[in-house]
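Read off the chains here:
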Amino acid sequence: MNLNYDVIIIGSGPAGVGAALSLRRRGIHNIAILEREAHAGGVPRHCQHPTFGLLAFKRPMKGNQFAEKIVSNLGDTAIFTRSTVIDILPQGVLKVSTPDGIVEMRAKRILIATGVRETPRHPRLVSGLRPQGVLTAGALQQFVYLKGKKPCLNPVIVGSELVSFSALWTLKNAGVKAQAMIESGERILAFKAATLFAKAMGTPLYLNSKIIEIGGLERVEYVVIETAGKTQKITCDAVIFTGSFVGENTLIRKSHLDFDASTGKPVTDQFSRCSDPSYYAAGNMLHPADMGDQCYQEGILTGQYIAEDLLENHHQEVVRHTPRIPVKFAEPIRFSVPACIDYTSQKIELVDFNIKVNSAFTGTIQVVAGNTVLYKKKIRCLPTRRILLKGIDLTKIKPDATEICISVV
Ligand SMILES: Cc1cc2nc3c(=O)[nH]c(=O)nc-3n(C[C@H](O)[C@H](O)[C@H](O)COP(=O)(O)OP(=O)(O)OC[C@H]3O[C@@H](n4cnc5c(N)ncnc54)[C@H](O)[C@@H]3O)c2cc1C
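Since this is a predicted model, take the numbers as computed values, not measurements. (Residues numbered from 1 in each chain as written. Predicted model: local features only at pLDDT ≥ 70, side-chain atom pairs only at ≥ 80, totals over all residues. Heavy atoms only, no water.)

## Looking at the site of the ligand
Right, on to step 1. Around the ligand, the surrounding shell holds 36 residues, and the nearest of these are Ala15, Glu35, Thr51, Asn284 and Gly292.
Right, on to step 2. Backbone polar atom of Asn284 to an oxygen atom of the ligand: 2.8 Å apart, as the coordinates give it.
Right, on to step 3. A distance of 2.8 Å separates an oxygen atom of the ligand from a polar backbone atom of Gly292.
Right, on to step 4. Of all the secondary structure elements, the ones that give two or more residues to the shell around the ligand are helix H1 (14–25), strand E4 (84–89), helix H4 (137–146) and helix H8 (292–312).
Right, on to step 5. Class assignment of the residues belonging to the shell around the ligand gives a composition of 16 nonpolar, 15 polar and 5 charged. (Near = heavy atom within 4 Å. Polar contact = N/O pair within 3.5 Å; in protein donor to acceptor, adjacent residues only side chain to side chain. Helix = DSSP H or I, 4+ residues; strand = E, 2+ residues; numbered from the N terminus. Nonpolar A, V, L, I, M, F, W, Y, C, P; charged D, E, K, R; others polar.)

Okay, structure coming up:
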């Protein structure tokens, strides 16, 4: 196993694969992709429903077909599966757990593209016993699509994001009807039309409702939900917790890289570069959770930035630390990508800021650097949705600006 590369990519989902493809197109072939699963392709590999491909290939594709297609474009790129990065260290060094033991790998540039995970039961503080049958939508997809198994017969689904409805779809494909969908907010988080799908499936939707107990000793037997102070018991054999995505950022939290304390995501600039400029980050680990196609396109762009950086530095390991100013925000804004701006670079003039919010509102979002308004637009914002503040002109930032502020005015 070669341990030295120009670029190592952690994660073989759409973001990582998109970046590898982009690097190859620019003549950088000494690349390795490290993937902890047994096969490359990331989350789309587990999704056999056609919510992929429209942006990237102009046609709807099932996730597994999408994953196969993008991975097949990588030619002879070295992909090490069953290889989990367990430490990110300065100077482009990674500790990797492989089938042959733990090794140290090194690269001039490293892209972190580790994706997202759903919030499971415990951080949601749901009380009750610990029976079998409590899972996430991701685990459900793996049972049904990858293993051909039916893990339950009458489950309830917690959540109402797009992924919650895709869980309903996965259950339908397995010949299973969900007993209920439970959402704590007053409206569903997916597009309203999705309620029609639940209706067609005969699955009632409980809004303003919270799951407060899981019952059953060996196997789930029921859940108790609370709606406007009243409780009721629903008989079921599984609870599927969906969405509430968090970036897969365990590696970041214990690394030397600067990160945002509340989300754990690394602080990246408009080139997707981390505080240690030999590291880059892209995909849903930065903005849980956008669509697969969007992450693929972002990966392609990030690969381009990494290639330019390497070519400018004549493929040397040296990295250039550049002065950066932070992007600041307050409630109801949850995060912004980028989280800082390298204001010495005029390489990209117009940048899209990708933000997410904690609560639903319609308001004017303003982006300001010093006294200069860089963006101002009225937008309908919903939690979990991708909100793009498009075409922010970084050349307008004056040299004395110390921060960029996003606010709702
Ligand atoms: C359950 C679920 C369902 C989804 N359904 C859809 C859908 O229907 N349509 C859609 O467009 N999007 C869907 N998404 C969003 C999905 O995250 C994106 O589609 C896309 O896969 C994100 O691409 P990515 O490359 O950022 O991450 P991922 O596709 O998640 O890829 C990250 C990869 O990194 C690997 N990895 C993580 N940590 C390490 C490590 N330490 N070492 C080595 N490898 C590591 C993971 O195994 C994974 O393969 C879903 C997400 C989830 C979680």
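From this point on, the discussion continues.
## Description of the environment of Ile212
Right, on to step 1. Of note, Ile212 is situated in strand E13 (residues 209–215).
Right, on to step 2. Residue classification places Ile212 among the partly exposed residues on the basis of a relative accessible area of 30%.
Right, on to step 3. Sequence separation of Ile212 and Phe353 is 141 residues, and the distance between their C-alpha atoms is 37 Å.
Right, on to step 4. Excluding residues that lie within four positions of it along the chain, Ile212 makes contacts with Val126, Ser127, Val224, Ile225, Glu226 and Thr231. (Buried < 20%, exposed > 50% of the residue type's maximum accessible area, 1.4 Å probe, protein only. Contact = heavy atoms within 4.5 Å.)

## A short note on the sheet that holds strand E14 (residues 222–227)
Right, on to step 1. The 4 strands lie next to each other as E8-E13-E14-E15, forming an open sheet whose pairing is mixed. Edge positions in the sheet fall to strand E8 (127–128) and strand E15 (230–235), since each of these pairs with one other strand and no more.
Right, on to step 2. Pairing between E8 and E13: 2 bridges, direction parallel. From the neighbouring strand, Ser127 faces E13, where its bridge partner is Glu213. (Pairing = 2+ DSSP bridges.)

## Looking at the layout of surface pockets
Right, on to step 1. In this structure, the second largest pocket spans a volume of roughly 470 Å³.
Right, on to step 2. Along the wall of the second largest pocket there are 22 residues; nearest its centre are Glu298, Leu301, Asp352, Arg386 and Leu388.
Right, on to step 3. Of all elements in the fold, only H8, strand E22 (350–357) and strand E25 (387–393) reach the threshold of two or more residues within the lining of the second largest pocket.
Right, on to step 4. If one sorts the elements of the lining of the second largest pocket by residue count, H8 sits on top with 6 residues. (1 Å grid on protein atoms, 1.4 Å probe; cavity = no way out; pocket = protein on both sides within 12 Å on 5 of 7 lines; lining within 4 Å. Points joined across faces, edges and corners; volume = space filled by probe spheres on them.)

## Details of the UniProt feature "domain: FAD/NAD(P)-binding" (unreviewed entry) in the protein chain
Right, on to step 1. As annotated in UniProt, the feature "domain: FAD/NAD(P)-binding" (unreviewed entry) corresponds to residues 5–286 in the numbering used here.
Right, on to step 2. Strand forms 29% of residues 5–286 and helix 21%; the C-alpha atoms that close the span are 24 Å apart. (UniProt positions renumbered as here; feature names shortened; annotations may be inferred.)

## Looking at the packing of H4 against helix H5 (residues 162–173)
Right, on to step 1. With their axes 10 Å apart at the nearest point, H4 and H5 run at an angle of 25° to one another. Judged on the interaxial angle alone, H5 and H4 are roughly parallel. Like other packed secondary-structure pairs, H4 and H5 cross with a definite hand, here left-handed. Along the contact surface, H4 presents Ala137, Leu140, Gln141, Val144 and Tyr145, while H5 presents Val163, Ser166, Ala167, Trp169, Thr170, Leu171 and Asn173.
Right, on to step 2. The residue inventory of the contact of H4 with H5, partitioned by class, reads 8 nonpolar, 4 polar and no charged. (Axes fitted to C-alpha atoms, helices over the stretch in contact; angles between N-to-C directions. Parallel < 35°, antiparallel > 145°, perpendicular 65-115°, else oblique. Left-handed = near helix turned anticlockwise from the far one by under 90°.)

## Observations regarding the environment of Thr98
Right, on to step 1. Mapped onto the secondary structure, Thr98 falls in strand E5 (residues 93–98).
Right, on to step 2. Judged by relative accessible area, which is 10%, Thr98 ranks as buried.
Right, on to step 3. A sequence separation of 64 residues divides Thr98 from Leu34, and the C-alpha atoms of the two residues are 9.5 Å apart.
Right, on to step 4. At 2.7 Å, the side chain of Thr98 and the backbone oxygen of Gly101 are in polar contact.

## Some thoughts on the nonpolar core
Right, on to step 1. Formed by 53 residues in total, the largest nonpolar core has its most connected members in Ile9, Phe353, Val367, Leu389, Ile397, Ile404 and Ile406.
Right, on to step 2. What Ile404 contacts, discounting residues up to four positions off in sequence, is Ile325, Pro326, Val327, Lys328, Ile341, Phe353, Val367, Val368, Ala369 and Ile397.
Right, on to step 3. Residues Tyr5, Phe80, Ala107 and Cys274 belong to the second largest nonpolar core, which totals 25 residues. (Core = buried A, V, L, I, M, F, W, Y, C linked by side-chain atoms within 4.5 Å.)

## Things to note about the sheet that holds strand E16 (residues 238–241)
Across a sheet, paired strands are connected by hydrogen bonds in the backbone, their directions being either parallel or antiparallel.
Right, on to step 1. An order of E9-E16-E10-E11-E12 is seen for the 5 strands of this open sheet, with the pairing classed as parallel. On the outer flanks of this sheet lie strand E9 (134–136) and strand E12 (205–206), each paired with one strand and no other.
Right, on to step 2. Along the sheet face, H5 touches strand E10 (155–158), strand E11 (180–182) and E16 and points at about 160° away from the line of E10.

## A look at the pattern of salt bridges
Right, on to step 1. Taken as a whole and assessed by the stated rule, the structure comprises 13 salt bridges.
Right, on to step 2. Measuring nitrogen to oxygen at the nearest pair gives 2.8 Å for the salt bridge that ties Asp76 to Arg24. Here the residue Asp76 occupies a position in the loop between helix H3 (63–72) and strand E3 (78–80), and Arg24 occupies one in helix H1, the gap between them amounting to 52 residues.
Right, on to step 3. Residue classification places Arg24 among the buried residues on the basis of a relative accessible area of 17%.
Right, on to step 4. The partner of Asp309 in a salt bridge is Arg109, and the shortest N-O contact between them spans 2.7 Å. (Salt bridge = Lys/Arg side-chain N within 4 Å of Asp/Glu carboxyl O.)

## Notes on the packing of aromatic side chains
Right, on to step 1. Under the definition given, this model contains 6 aromatic pairs.
Right, on to step 2. Between Phe57 and Phe66, the ring centres sit 5.9 Å apart and the planes meet at 65°, which makes this aromatic pair edge-to-face.
Right, on to step 3. Residue Phe66 is classed as buried on the basis of its relative accessible area, which comes to 0%.
Right, on to step 4. Look at Phe57 and Tyr296: their rings are 6.0 Å apart centre to centre, the planes differ by 40°, and that puts the pair in the tilted class. Separated by 239 residues along the polypeptide, Phe57 in helix H2 (residues 54–57) and Tyr296 in helix H8 bring together distant segments of the chain.
Right, on to step 5. Feature note: the residues Phe52, Phe57, Phe66 and Tyr296 constitute an aromatic cluster, connected by ring pairs.
Right, on to step 6. A cation over a ring is seen here: Lys69 above Phe57, with NZ or CZ 5.0 Å from the ring centre.
Right, on to step 7. Directly above the aromatic system of Phe191 lies the positively charged group of Arg385, at a separation of 4.2 Å from the ring centroid. (Phe/Tyr/Trp six-rings, centres within 6.5 Å; stacked < 30°, edge-to-face > 60°. Lys NZ or Arg CZ within 6 Å of the ring centre and 35° of its normal.)

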